[in-house]
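Working through the structure, step by step
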Amino acid sequence: MTRTDFTGIACSIARSAAIVGDPWALLIMRDVTLGLHRFDELQRDLGAATNVLSQRLERLVEGGLLRRERYAERPDRYGYHLTDKGRDLVPVLLALTAWGDRWEADDAGPPLIVRHHTCGDDTRATVTCRSCGGELTADQVGYHPGPGGRTDRGTALIGTVLESP
């Protein structure tokens, strides 16, 4: 079965999903963000088959989110660390965590608490407007065509919807 190439779709979500759009990739990024860097640590924490973990790590390295650094020779051993592009994904992971805590946590509560280093308080991620600082929610935003948009596979109807009054 051929994997669909989402990188050719004129949509930032599709292109992002091509790199981190499966649970293993998101969980690897979570673990690396939390301080697990070695293949054996990631494998032990996630319980992923080694071939699955290798493939996802390779995709994250090729996608520029992680960099691979050798920490031992004979045999070669590598650690995986966030790049600038990977660090820019952390707010997305925090937002996904906040959504999961609200809608998917069980009766025991959230499995992880996020603490803000600057103020020391426990917090949750919110997405805010870069101009006014107001929280961005479904009913507080609108969408308009961007310069990179086009009507094609994966976006066939979006242009028509955005042009409607």
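It should be noted that the structure appears before, not after, this text.
All residue numbers refer to position in the chain's written sequence, counted from 1. Residues qualify for local features only when their pLDDT is at least 70, as the model is predicted, and side-chain atom pairs are given and counted only at 80 or more; totals for whole chains, interfaces and linings, by contrast, use all residues. To obtain the side-chain values, all non-hydrogen atoms of the structure were included, while hydrogens and water were left out.

By definition, a disulfide links the sulfur atoms of two cysteines through a covalent bond. In this description, a disulfide is simply a cysteine sulfur pair whose atoms lie within 2.5 Å. If you walk through the whole model with that rule in mind, you get zero disulfides. Not part of a disulfide, Cys129 finds its nearest cysteine sulfur in Cys132, a span of 3.9 Å. Working definition: with a 1.4 Å probe on protein chains only, accessible area under 20% of the residue-type maximum means buried, over 50% means exposed, and in between means partly exposed. Owing to a relative accessible area of 25%, Cys129 belongs among the partly exposed residues under this scheme.

Leaving glycine aside, a negative phi is the common case for residues, and trans is the common case for peptide bonds. Arg74 connects to Pro75 through a cis peptide bond whose omega is 0°. Numbering of helices and strands runs from the N terminus; a helix is a DSSP stretch of H or I covering at least four residues, while a strand is a stretch of E covering at least two. Its place among the elements puts Pro75 in the loop between β1 (66–72) and β2 (77–82). Even without glycine at this site, Arg74 takes up a positive phi of about 55°. Of note, Arg74 is situated in the loop between β1 and β2.

Quick look at the side chain of Asp31 now. Its location among the elements puts Asp31 in helix α2 (residues 23–34). Discounting residues that sit within four places of it in the chain, Asp31 has contacts with Leu36, Leu42, Asp45 and Leu46. Any pair of residues with heavy atoms lying within 4.5 Å of one another is described as a contacting pair.

Any two rings among Phe, Tyr and Trp, with Trp reduced to its six-membered ring, count as a pair given centres within 6.5 Å; such a pair is stacked if its planes are under 30 degrees apart, edge-to-face if over 60, and tilted if neither. For the structure on display, the rule yields zero aromatic pairs. Above the plane of the ring of Tyr71 lies Arg38, whose end atom (NZ or CZ) is 4.1 Å from the centre. In this analysis the charged atom, NZ for Lys or CZ for Arg, is taken to sit over a ring once it is within 6 Å of the ring centre and within 35 degrees of the ring normal. The ring of Tyr78 is capped by Arg68, whose NZ or CZ atom sits 3.6 Å from the centre of that ring.

Moving on: the nonpolar core. In this text, buried Ala, Val, Leu, Ile, Met, Phe, Trp, Tyr and Cys residues form a nonpolar core when linked through side-chain atoms within 4.5 Å. Core analysis: the biggest nonpolar cluster contains 18 residues, and Ile28, Met29, Leu53, Leu57, Leu60, Leu65 and Leu66 have the highest contact counts within it. Only α1 (12–20), α2, α3 (39–46), α4 (50–62) and β2 provide two or more residues apiece to this core. Per element, the largest residue contribution to this core is four residues, and it comes from α2. Residues within four places of Leu53 in sequence aside, it is in contact with Ile28, Phe39, Leu42, Gln43, Leu46 and Ala48.

Here we take up the layout of surface pockets. Cavities and pockets were defined on a 1 Å grid built over protein atoms only: a cavity is a set of grid points that admits a 1.4 Å probe from which the probe cannot escape, a pocket is an open set flanked by protein on both sides within 12 Å along at least five of seven lines, and lining residues are those with an atom within 4 Å of any such point. Grid points are joined across faces, edges and corners, and a volume is the space filled by probe spheres set on the points. The volume enclosed by the largest pocket comes to roughly 1,100 Å³. Contributing to the lining of the largest pocket are 32 residues, with Pro91, Val92, Ala95, Leu96 and Val127 lying nearest its centre. Looking at the lining of the largest pocket, the elements that each hand over two or more residues are α1 and α6 (90–103). Considering every element that reaches the lining of the largest pocket, the biggest residue donor is α6, with ten residues. Broken down by class, the residue content of the lining of the largest pocket amounts to 21 nonpolar, four polar and seven charged. Residue type decides the class: Asp, Glu, Lys and Arg count as charged, Ala, Val, Leu, Ile, Met, Phe, Trp, Tyr, Cys and Pro as nonpolar, and the leftover types, Gly among them, as polar.

Direction vectors running N to C along α3 and α4 enclose 120°, while the axes themselves pass 10 Å from each other. The orientation of α3 relative to α4 falls into the category oblique. For the element pair α3 and α4, the recorded crossing hand is right-handed. Touching Phe39, Leu42, Gln43 and Leu46 of α3 are Thr50, Leu53, Ser54 and Leu57, all from α4. When grouped by side-chain class, the residues that make up the contact of α3 with α4 number five nonpolar, three polar and no charged. Every axis corresponds to a line fitted to the C-alpha atoms, with the helix fit spanning only the stretch in contact, and the corresponding angles, defined between N-to-C directions, vary from 0 to 180 degrees. Here roughly perpendicular refers to angles of 65 to 115 degrees, roughly parallel to angles under 35, roughly antiparallel to angles over 145, and oblique to all remaining angles. With the far helix as reference, a near helix turned anticlockwise by less than a right angle produces a left-handed crossing, and one turned clockwise produces a right-handed crossing.

Worth remembering: the numbers are spatial, not functional.
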